[in-house]
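Residue-level listing of the chains:
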Amino acid sequence: MAWEFRKLAPGENVAVETQRDPFAAPKWAPPVWHMPEGLVLIVNAVRFLVRMLVFLVRNIVPVSAASALGWLGYAYGWTVPVLVLTLLAMGLGVWAGVDRPSFVRWIARPARSWWRMVWVYRRHWQPVLVTAGLTKMHKGREYLPSLVRVRCGPTSDRVLVRMLKGQAPDAWERVTANLAHGFGASLARVRDGDRPGRVWLEFVRRDALAEPIPALPVPDASDVDLSGVVVGRCEDGSPWRLRLLGTHVLIAGATGAGKGSVIWSTVRALLPLMIGGLVEVWAVDPKRMELSFGRVLFERYGRYSSDPKGGMVKLLEEAAADMNERAERFAGMTRSFTPSAEFPFRVIVVDELAFLTAYCPERDLRKRAESALAVLTSQGRSVGYCVIGAQQDARKEVNNLRNLFPDRIALRLDEDEQVDMVLGDGARDRGALADQISSVPEVGAGVGFVRLEASPDPVRVRAAYVADADIRAMVALGLPDVEAA
């Protein structure tokens, strides 16, 4: 093949393939550079040394241990390393038996995290990300997001990722299903990282909420914290602490989703303070089924109403009036509320919120109920009032006060659009798949997602199931002079 130089502009000569036709378009040929073999060997040696150094730094503990054992075997024979390993195994076994939590924290969990990072995530990192479309090709070079750290929990893994420059978390949220299947997890979620440019990938290995949780023991009064009462369990195995002081809670879920489990678990956690006079529960029960089972308990340590002809609305209005009296009493004196016998913390439980705001046949009662609820939810947090509202329909026209509930719980919902209606825009994209919760009571009742006021990330939880016998025991404990029905 012959080549010739052609002048395109003054001082610009390029090599093109020789053409017999002077009017044919030139075939451009890029210059070819031949690197000396010695330079190639030097570059590859430097790359090998850099990769070896990175490997040693990342795996400093196992490499150091293996090196020490190898030196002992070389210097003193193979029996010495075996003896050291045996003593080490016995010491770890004793540690695990004496203080298992600290052993899991300092030994078992870091070791498992290292193993899964090497054998599961780093091993499959490139093919999974290429298939999911999270890599970029530029001028023949592949750019891959970096795997920074892996932390293993009892049921899930958290993987810290350094994204590519110009990449956003939305790109990862769109392919969570690909990532879950690629790394052998049942579910994957994307969480905000520790700094800009990083994200946490949460991979759920095993569903810790697959089985119903029995009713939790009634706590001691000294253990009850109104900023976080224990009502169930989170997906990572930790206790689910529901905040009541300084907030309001909205519970949304289809029929049979387990709204009663959340309500009764909350009442059960508050029972010691109710008996001590520091907490009152005012129950509004339009359905006259769920809360009526503990009616005598509410009437002794609070109030109860199921009257659809004005009694429930009157209870809400009296609560709003008392709240206004407290606000006047506390004005200029304190900015934070502390329960006392004179001013107990009041929890207003409304079992079916939509009946009072939308379904009540009398228009005047609907307006009065909505007005009282608006006053309580907009002003009651600072003076010791908490409204817990439960509803089945998540539409705004049914309850236009939902934005006044800072903390929201989405149990099983019928449609995927309802998830964002309850938890806010983007909640489903962040992993709140409330529409996919099983309708089988043993599997999905009480399972839901919580979105707190201080965090946009939904957390999967399950409330403990409080059976009829447990409610009878609560009534017997709270009213020893009254025989439970």
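Keep in mind that this is a model prediction, so the values were computed, not measured.

For the rest of this paragraph, the subject is the overall build of the chain. Scanning the chain from N- to C-terminus turns up 14 helices and 18 strands. Computed over C-alpha atoms, the radius of gyration of the chain comes to 32 Å, more than 25% over the 23 Å expected from 2.2 N^0.38 for 485 residues, which places it beyond the range of a compact globule. Seen along its three principal axes, the alpha-carbon backbone of the chain occupies a region of about 105 × 80 × 50 Å. Of all 485 residues assigned to the chain, the portion counted as buried reaches 41%. Across the chain, the fraction of contacts at a sequence separation of at least 24, relative to all contacts at a separation of at least 6, is 61%. Of the roughly 26,800 Å² of accessible surface on the chain, a fraction of 57% belongs to carbon and sulfur atoms. Separation between the mean location of the 61 positive side-chain charges and that of the 54 negative ones in the chain comes to 8 Å.

Here the focus is the packing of helix α9 (residues 311-330) against helix α11 (residues 363-379). At their nearest, the axes of α9 and α11 sit 9 Å apart, and the two run at 35° to each other. When the axes of α9 and α11 are compared, the crossing they make is left-handed. From α9, Val313, Leu316, Glu317, Ala319, Ala320, Met323 and Asn324 reach across to α11, where they touch Leu365, Arg368, Ala369, Ala372, Leu373, Val375, Leu376 and Gln379. For the contact of α9 with α11, a count of residues per class yields 11 nonpolar, 2 polar and 2 charged.

The next subject is the environment of alanine 188. Along the chain, alanine 188 falls in strand β7 (residues 187-192). Ignoring sequence-local partners within four residues, the contact set of alanine 188 consists of Thr176, Ala180, Glu202 and Phe203.

Turning our eyes to something else, we now look at the sheet that holds strand β14 (residues 345-350). The 10 strands lie next to each other as β10-β9-β18-β17-β16-β11-β15-β14-β12-β13, forming an open sheet whose pairing is mixed. One side of each edge strand has no neighbouring strand; the edge strands of this open sheet are β10 (239-242) and β13 (302-305). Recorded for the sheet is a direction-independent mean angle of 25° between the axes of neighbouring strands. As defined by bridge partners, strand β11 (residues 249-252) adjoins strand β16 (residues 407-410) across 4 bridges and the pair is classed as parallel. Within the sheet, the bridge partner assigned to leucine 250 lies in β16 and is arginine 408. Contacts from α9 reach β12 (279-284), β13, β14 and β15 (385-391), with the element oriented near 145° to β12.

Attention shifts here to the domain arrangement of the chain. Examined at the domain level, the chain breaks down into domain 1 (115-204) and domain 2 (229-332 + 339-478). Listed per partner, the contact involves 9 residues of domain 1 and 10 residues of domain 2. A combined buried area of about 820 Å² lies between domain 1 and domain 2, and 38% of that area is made up of carbon and sulfur atoms. Contact with domain 2 buries surface across domain 1, with Glu173, Arg189 and Arg191 losing the most and accounting together for 53% of the total. Here domain 1 is connected to domain 2 by 1 salt bridge.

About the thresholds
Residues numbered from 1 in each chain as written. Predicted model: local features only at pLDDT ≥ 70, side-chain atom pairs only at ≥ 80, totals over all residues. Heavy atoms only, no water. Helix = DSSP H or I, 4+ residues; strand = E, 2+ residues; numbered from the N terminus. Rg over C-alpha atoms; globule rule 2.2 N^0.38 Å. Buried < 20%, exposed > 50% of the residue type's maximum accessible area, 1.4 Å probe, protein only. Contact = heavy atoms within 4.5 Å. Areas by Shrake-Rupley, 256 points an atom, 1.4 Å probe, with all protein chains shown as cover. Lys, Arg positive; Asp, Glu negative; His and termini not counted. Charge placed at Lys NZ, Arg CZ, Asp CG, Glu CD. Axes fitted to C-alpha atoms, helices over the stretch in contact; angles between N-to-C directions. Left-handed = near helix turned anticlockwise from the far one by under 90°. Nonpolar A, V, L, I, M, F, W, Y, C, P; charged D, E, K, R; others polar. Pairing = 2+ DSSP bridges. Domains from an automatic or database assignment. Buried area = accessible area lost by both parts, 1.4 Å probe. Salt bridge = Lys/Arg side-chain N within 4 Å of Asp/Glu carboxyl O.

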